[in-house]
Amino acid sequence: MSPPRIMFDDGSRIMEEAASSSNNDVTADRQSFSSSERGNISTEVYYEIDRVAKEVVEKLDWSTNTSRGRLLLASNNTASSSTESNANDEDGFLCRVALQFPDELLADASEVSLLMETAIMAAYKSKLISQHNAAVTISTSINNHLQQYPLVFILGDTTYGSCCPDEVSANHLNAHCIVKYGYACLAPTESIPVVYSFGASYNSWDECVDLVCCELDNKRKQEDESVDKTLDKKLSLTEDDDADPKKKTKLLLLYEVKYHHCIEDLKIALEQSGKVDVILGSVPKQQLSVGRNELSWRGSVSNCCGGGESEETECCNDDKPRTDCGQTKCCNDDAVKSDCDEGACCMPFQHKHTTLFDREQKERFYIPRTIGGLEIPNDLKLSEYTMLYIGDDMDIDSINSNSRTRLLHILLRCQAPDGTQSLWSYSPVNNQLSTDILNSPLSPTNDTAVSSALSRTLRRRYFLIQKAKLATTIAILIGTTSTSYSFRRMMARTRRRIQSTGRTAYTFAVGKLASASSKLANFAEIDCFVLIACGESIAKFWKMERDEMLVPVLTPMELDVALGYRPWDGRYSCDFGDLIRWDEDDGIAEDDLNDCDTDGLGQTSKLTGGHDESSNSSDEDQPFFSMISGKYEQSRSATANDTNLQSLPGKGQMIEYSSEAAEFLKKREYQGLEANVGQTEAKAAVLGQVGIASDYGENTN
């Protein structure tokens, strides 16, 4: 019998095996994507090259503060001077466009980049020379300007999640626009415009419309049969009644973003059936920064009566008297405001600019109301609608797919007490309509009901809320690169509420959430984290939090429940707009809402069960029963903020400083290297050993 063989490995074999396995997985993923998603669709069609290029050109800054804007104004107005259009404030490129691809689409990145460069050049040229009657000097300037080419580049690894537009990387490269390909969370952006392309394919909605109409007919027949026979004649529907809009079913249409390119066709087809009124979820409107908006309205507004040019009214030019104005009769010395048209050309120039600025400020501070990232009208009453979800994957228990996280947030919001009447879903792949999502199986191989998985998720979230009630040190975890107003307001709101309850708040930015657990484990003094991120990142973080995090990680809504600002009443949402609107409906007042860049404490009033606790300070001192510790715990109140400091023994002077982090450090067994100043004998430095770890020169052999 031969002796056992001992093999030594320096790690190269494991690395080679891991690299081979990774390459096989990537190849399999790309083959799976090519066969299931794109298939035989050409690159131009799937990535919507022409549509995206035109939208990119429209989103560029065409104000007179840029050379392209001055050239466009000059080409549309032959009376303009050519000296204003000759200036070139660009950097040698027509524009800078950043392309952002997810990992599964990177194989097509180089080809798409070349196609986009050609398409943007064509769309740019078409917009700039749309007017052929420009002066010769202007045409020469335009031709010289078009000698440049657009710079189209591909963004590398994203700062946070691949679902969010990477504004940070794009701004570092001075990009004028981002083109986001593949799946997206549709988080609001402010610093740079974003154009989305989710992938286009060929879809027919005939089967979906037939199934929905058939189901509505069956539902109406069942309702008619339940009506008493004596009232049948009065309540039965006639042909004229079918055309009555009041008799139509209200439908809220939400969908996976990969069907965005053709979802409008489904909406039109459903409305043409005459049986439903459809509200379609849309991509949220972007809020560009005030600085960019100022450039827009200063250069593009029709500043009639203010020393500028107006193409439509041709009034108030310096070269013509005011009496030569056009049909609006405005700017005439003898005209009065009642003689003006709706354009209100006689409105003072400063007032017009103030109105525009106020409108754009309002748009900037607008927080859209979204469900699953899709915007819906602010005044929409969900209880009057039936939700129809267009998607294929229902396995919300496995957060490995982007589409599953969107469906999870939709169900969490729509199954609430103030949610929709019923939840429907249609799978374009399987051509199947389900009129009860909650009782549907997660997948063909998993018979677990969707409602069971949803209930399990909510129970887990409620357990973490109970743990967070005992937290004294809470950290705000930033999980997005967005600088939009909604994220800044939520950051300020969260910090104010933590500090207003007497707790300590810290702010962490750790980059990618996938590797955040190992970094956050170094901060043992943190009792709870609050994740400020898009809904997709939050849902994906839940699985990692369950397996790797030692302390609870909450959403802003869950933190409100833990701090006592909101009861656990069945309403659940990760949408920041919902939280703001719920505060208004519940009467939770909060000051300094526009001061989103400071850490000042705003005055807030806590609610418990719909009653204001600020009027009864004794309620704040009452202990509460913790289901985690199994005993009564003392709540952290904010009564110290209202205490008269002059009445205290110290008369308002600081006699002791308390730090949560310092107190926690005292409790630790190992507190780092000890200085022991004055206790250790000082000695002169001596030469130590020299060499490597295996040989310090001691072995003479």
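One can find the structure itself at the top, above this paragraph.
Residues numbered from 1 in each chain as written. Predicted model: local features only at pLDDT ≥ 70, side-chain atom pairs only at ≥ 80, totals over all residues. Heavy atoms only, no water.

**Brief notes about the overall build of the chain**
Part 1 of the reasoning: Looking only at helices and strands, the chain has 22 helices and 21 strands in total.
Part 2 of the reasoning: A buried classification covers 43% of the 701 residues belonging to the chain.
Part 3 of the reasoning: The contacts in the chain between residues at least 6 apart in sequence include a share of 70% that link residues at least 24 apart.
Part 4 of the reasoning: Counting every atom, the chain has about 38000 Å² of accessible surface; 49% of that belongs to carbon and sulfur. (Helix = DSSP H or I, 4+ residues; strand = E, 2+ residues; numbered from the N terminus. Buried < 20%, exposed > 50% of the residue type's maximum accessible area, 1.4 Å probe, protein only. Contact = heavy atoms within 4.5 Å. Areas by Shrake-Rupley, 256 points an atom, 1.4 Å probe, with all protein chains shown as cover.)

**Concerning the side chain of Arg 493**
Part 1 of the reasoning: Along the polypeptide, Arg 493 turns up in helix α16 (residues 485-500).
Part 2 of the reasoning: Arg 493 gets classed as buried once you look at its relative accessible area, which sits at 2%.

**What about the environment of Ile 474?**
Part 1 of the reasoning: By secondary structure assignment, the location of Ile 474 is in strand β14 (residues 473-478).
Part 2 of the reasoning: Separated by 53 residues in sequence, Ile 474 and Asp 527 place their C-alpha atoms 6.0 Å apart.
Part 3 of the reasoning: Setting aside residues up to four positions removed in sequence, Ile 474 forms contacts with Ile 498, Arg 503, Thr 504, Ala 505, Tyr 506, Cys 528, Val 530, Leu 559 and Leu 563.

**Quick look at the nonpolar core**
Part 1 of the reasoning: Formed by 111 residues in total, the largest nonpolar core has its most connected members in Leu 252, Leu 266, Met 387, Ile 390, Ile 396 and Phe 541.
Part 2 of the reasoning: With residues near it in sequence (within four places) discarded, Leu 266 still touches Trp 205, Cys 208, Val 209, Leu 253 and Ile 390.
Part 3 of the reasoning: By size, the runner-up hydrophobic cluster in this structure holds 34 residues, among which are Tyr 47, Ala 53, Val 57 and Cys 177. (Core = buried A, V, L, I, M, F, W, Y, C linked by side-chain atoms within 4.5 Å.)

**Details of the packing of aromatic side chains**
Part 1 of the reasoning: Counted by the stated rule, this structure contains 13 aromatic pairs.
Part 2 of the reasoning: Ring centres of Tyr 196 and Phe 198 lie 5.6 Å apart, and the angle between their planes is 10°; on these two criteria the pair is classed as stacked. Each member of the pair, Tyr 196 as well as Phe 198, is classed as buried.
Part 3 of the reasoning: Where Tyr 462 meets Trp 568, the ring centres are 5.4 Å apart and the plane angle is 50°; that geometry is what we call tilted. With Tyr 462 in helix α15 (residues 450-468) and Trp 568 in the loop between α19 (556-563) and α20 (576-586), this pair connects stretches of sequence that are 106 residues apart.
Part 4 of the reasoning: A relative accessible area of 33% means that Trp 568 is categorised as partly exposed.
Part 5 of the reasoning: Positioned above the aromatic ring of Tyr 565, the side-chain terminus of Arg 497 is 4.6 Å from the ring centre.
Part 6 of the reasoning: When the ring centre of Trp 582 is taken as origin, the NZ or CZ atom of Arg 571, which lies over that ring, is 4.7 Å away. (Phe/Tyr/Trp six-rings, centres within 6.5 Å; stacked < 30°, edge-to-face > 60°. Lys NZ or Arg CZ within 6 Å of the ring centre and 35° of its normal.)

**Some remarks on unusual backbone geometry**
Part 1 of the reasoning: Positioned with a positive phi, Asn 174 is a non-glycine residue whose angle comes to about 55°.
Part 2 of the reasoning: A positive phi angle, near 55°, is found at Asn 431, a position not held by glycine.
Part 3 of the reasoning: By the element assignment, Asn 431 lies in the loop between β10 (422-427) and β11 (432-434).

**Quick notes on helix α5 (residues 109-128)**
Part 1 of the reasoning: For α5, which comprises 20 residues, the first-to-last C-alpha distance of 28 Å matches the rise-based estimate of 28 Å (1.5 Å per residue) to within 8%.
Part 2 of the reasoning: Taken together, the buried positions of α5 are Ala 109, Val 112, Ser 113, Met 116, Ala 119, Ile 120, Met 121, Ala 123, Tyr 124 and Leu 128. (Expected span 1.5 Å × (residues − 1).)

**Some words on the sheet that holds strand β3 (residues 177-181)**
Part 1 of the reasoning: Here 4 strands make up an open sheet; going across it, the order is β2-β1-β3-β4 and the pairing parallel. In this open sheet, the two strands that pair with only one neighbour each are β2 (149-154) and β4 (194-197). Taking the axes of each pair of neighbouring strands and ignoring which way they run, one obtains an average angle of 25° across the sheet.
Part 2 of the reasoning: Across the face of the sheet, helix α3 (residues 49-59) comes into contact with β1 (93-100), β3 and β4 while running at roughly 170° to β4. (Pairing = 2+ DSSP bridges. Axes fitted to C-alpha atoms, helices over the stretch in contact; angles between N-to-C directions.)

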